[in-house]
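Listed here are the chains, written in short residue letters.
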Amino acid sequence: MDKGLTYGVNIDIANATKKEMAEVLKTDKRVLNKFGAFASIFDLNFSNYKEPVLVLKTEEPGSKQLLAAQYGSLETVAYDMINHLINDCIVMGATPLAIQDAIICSKIVKEDINKIVKSIADACEKQGCVLTGGETSEQPGVISNGTYILTSSIVGIVEKSEVIDGSDIKEGDIVLGVSSSGIHTNGYTLVRTLIKEHPQILNEVINGKSFMNTILEPHRCYYNYVKNLFGTKMIHGMAHITGGGICENLNRILPDNVNAEINLSKYNILEIFKKIKTFGNVSDKEMLRTYNLGIGFVIVTDSKHSEDVKKHISKEGISCYEIGKIVKGNKQVVTIGNLNW
């Protein structure tokens, strides 16, 4: 007789992985049930809010996760995903509460999965939120061997009267740029093409680090830098600079009657972007649309508060400086000056 078919997925390994996963997850009193339940129960205490509003977002780290897996850096891409996700939440003035993740792979490798989960949990803890659970899915024949597809979703909370959505932005406001830690999580398709066509770039050293370590530097999270400004009315709007660059992210929070005028000559361009431009002969227009170029987060503030905001961010250890102003217009980001390479 022909041998009977089997499932093809090792449930014993999956169970052992989940058991270890439970051990690395931090306990949090807001999570009311134990790891392994069908869903997570999270205690929402609204006692400090008059009109609480939930802020929801789903994110994934893009093709950076392909390079991270290839070069043994799964921990850093976990930070990328969580930090990117939280940044998209906090631009509304929200406090991050809980995150759920999903890890999809061809075959569960216990060490890899638990390495990813531990890093996700640690990244959450650093920002005061909690990984409440998620899903690990083994899909042989659908996902190629050695590939991990990561995604996550967040719930944040903000007082309705303190939502920061850009509606307070007005003519005369100042646009501040907050420095990035590197490429963050956008533009890696171009990077992978660059490595393929100009492999010598891997020999480059940037500020004492290898090219690969530089491009795998985790996405900076801005929550701990800006959270103490929430509720002060000093911030009129915030934008997370991701795919599309400053022009296609800052415009998302502008009222219909104003433009943001950005002076490109004020940018402190990071060395990694200079390497990418040089090796790839990439135009300024393409660089500006693909990368953050050193500005990973933007804050729009009243001119009378701009110095206070700059000092607050800078004392936390990262640079924050004026890159533009708000002028009359029609919801556009207009650039002046030239990038100084």
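Here's what I pulled together on the structure shown here. Here the structure is a predicted model, which is why all the values come from computation and not from measurement.

### Observations concerning the overall build of the protein chain
Part 1 of the reasoning: From N to C terminus, the protein chain includes 10 helices and 12 strands.
Part 2 of the reasoning: Relative to the compact-globule value of 20 Å for 341 residues, the protein chain shows a C-alpha radius of gyration of 22 Å, a close match.
Part 3 of the reasoning: Reported as C-alpha extents along the three principal axes, the dimensions of the protein chain are approximately 80 × 60 × 35 Å.
Part 4 of the reasoning: Counting every position in the protein chain, which comprises 341 residues, the buried fraction comes to 48%.
Part 5 of the reasoning: Partitioning the contacts of the protein chain with sequence separation of at least 6, the portion at a separation of at least 24 is 86%.
Part 6 of the reasoning: With the model as given, the accessible surface of the protein chain reaches about 16600 Å², and the carbon-plus-sulfur share is 49%.
Part 7 of the reasoning: Charge-centre separation for the protein chain: the mean point of 37 positive side chains lies 2 Å from the mean point of 39 negative side chains.

### Remarks on the packing of aromatic side chains
Part 1 of the reasoning: Evaluated as defined, the whole model comprises four aromatic pairs.
Part 2 of the reasoning: Aromatic pair Tyr 222 and Tyr 225: ring centres 6.4 Å apart, planes at 55°, arrangement tilted.
Part 3 of the reasoning: Taking the relative accessible area as the measure of exposure, Tyr 225 reaches 18% and is therefore buried.
Part 4 of the reasoning: Consider the rings of Tyr 222 and Phe 297, whose centres lie 4.8 Å apart with planes at 20°: the pair is stacked. Separated by 75 residues along the polypeptide, Tyr 222 in the loop between α6 (211-215) and α7 (223-226) and Phe 297 in strand β10 (residues 295-301) bring together distant segments of the chain. Comparing Tyr 222 with Phe 297, the two get one shared label, buried.
Part 5 of the reasoning: Grouped by ring-pair contacts, the aromatic residues Tyr 222, Tyr 225 and Phe 297 constitute a single cluster.

### Thoughts on the environment of Met 92
Part 1 of the reasoning: The topology assignment puts Met 92 in the loop between α3 (74-90) and β2 (95-105).
Part 2 of the reasoning: Looking at Met 92, the relative accessible area reads 34%, which means it is partly exposed.
Part 3 of the reasoning: Taking the C-alpha atoms as reference points, Met 92 and Ile 164, 72 residues apart in sequence, are found 4.6 Å from one another.

### Quick notes on helix α8 (residues 271-280)
Part 1 of the reasoning: Every buried residue belonging to α8 is among Ile 272, Phe 273, Ile 276, Lys 277 and Phe 279, and all of these are buried.
Part 2 of the reasoning: Where α8 is buried, its residues contact α5 (188-197), β6 (205-206), α6 and α9 (284-290).
Part 3 of the reasoning: A positive backbone phi angle near 50° is found at Asn 281, which sits one or two residues after α8.

### Re the side chain of Asp 80
Part 1 of the reasoning: Assignment of secondary structure puts Asp 80 in helix α3.
Part 2 of the reasoning: Owing to a relative accessible area of 0%, Asp 80 belongs among the buried residues under this scheme.
Part 3 of the reasoning: A polar contact is formed between the side chain of Asp 80 and the backbone nitrogen of His 219, at a distance of 2.7 Å.
Part 4 of the reasoning: What Asp 80 contacts, discounting residues up to four positions off in sequence, is Pro 61, Lys 64, His 184, Thr 185, Glu 217, Pro 218 and His 219.

### Observations concerning unusual backbone geometry
Part 1 of the reasoning: You will see that His 184, though not glycine, has its phi angle at about 65°, which is positive.
Part 2 of the reasoning: Locating His 184 in the fold gives a position in the loop between β5 (174-179) and α5.

### Some details on the pairing of strand β3 (residues 130-138)
Part 1 of the reasoning: Along β3, seven of the nine residues are buried, which leaves the element largely enclosed by surrounding structure.
Part 2 of the reasoning: Pairing between β2 and β3: eight bridges, direction parallel. Note on β3: the bridge partner recorded for Cys 105 is Glu 138.
Part 3 of the reasoning: The handedness of the β2 to β3 crossover, carried by helix α4 (residues 110-126), is right-handed.

### As for the environment of Asn 259
Part 1 of the reasoning: Here Asn 259 shows up in strand β9 (residues 258-263).
Part 2 of the reasoning: Expressed as a C-alpha distance, the spacing of Asn 259 and Val 333, which sit 74 residues apart in the sequence, is 5.7 Å.
Part 3 of the reasoning: Once you skip the residues sitting within four places of it in the chain, Asn 259 turns out to touch Leu 254, Lys 325, Ile 326, Val 327, Lys 328, Gly 329, Asn 330, Lys 331, Gln 332 and Val 334.
Part 4 of the reasoning: Here the side chain of Asn 259 touches Asn 330 through a polar contact of 2.8 Å, landing on its backbone nitrogen.
Part 5 of the reasoning: A polar atom in the side chain of Asn 259 sits 3.3 Å from the backbone nitrogen of Lys 331.

### Some remarks on the nonpolar core
Part 1 of the reasoning: The biggest cluster of nonpolar side chains holds 94 residues, and the ones touching the most others in it are Ile 215 and Leu 250.
Part 2 of the reasoning: Element by element, the count of residues in this core is highest for α3, at 10 residues.
Part 3 of the reasoning: The contact partners of Ile 215, leaving out residues within four places of it in the chain, are Lys 64, Leu 67, Ile 183, Tyr 188, Val 191, Ile 195 and Ile 272.

### As for the state of the cysteines
Part 1 of the reasoning: Counting across every chain of the model gives zero disulfides.
Part 2 of the reasoning: Unpaired in terms of disulfides, Cys 124 finds its nearest cysteine sulfur in Cys 129, a separation of 4.3 Å.
Part 3 of the reasoning: Its relative accessible area of 0% is what places Cys 124 among the buried residues.
Part 4 of the reasoning: Cys 221 supplies the cysteine sulfur nearest to Cys 320, a cysteine that is in no disulfide, at a spacing of 16 Å.

The rules behind these values
- Residues numbered from 1 in each chain as written.
- Predicted model: local features only at pLDDT ≥ 70, side-chain atom pairs only at ≥ 80, totals over all residues.
- Heavy atoms only, no water.
- Helix = DSSP H or I, 4+ residues; strand = E, 2+ residues; numbered from the N terminus.
- Rg over C-alpha atoms; globule rule 2.2 N^0.38 Å.
- Buried < 20%, exposed > 50% of the residue type's maximum accessible area, 1.4 Å probe, protein only.
- Contact = heavy atoms within 4.5 Å.
- Areas by Shrake-Rupley, 256 points an atom, 1.4 Å probe, with all protein chains shown as cover.
- Lys, Arg positive; Asp, Glu negative; His and termini not counted.
- Charge placed at Lys NZ, Arg CZ, Asp CG, Glu CD.
- Phe/Tyr/Trp six-rings, centres within 6.5 Å; stacked < 30°, edge-to-face > 60°.
- Polar contact = N/O pair within 3.5 Å; in protein donor to acceptor, adjacent residues only side chain to side chain.
- Pairing = 2+ DSSP bridges.
- Right-handed = clockwise from strand over helix to strand, strands pointing away.
- Core = buried A, V, L, I, M, F, W, Y, C linked by side-chain atoms within 4.5 Å.
- Disulfide = S-S within 2.5 Å.

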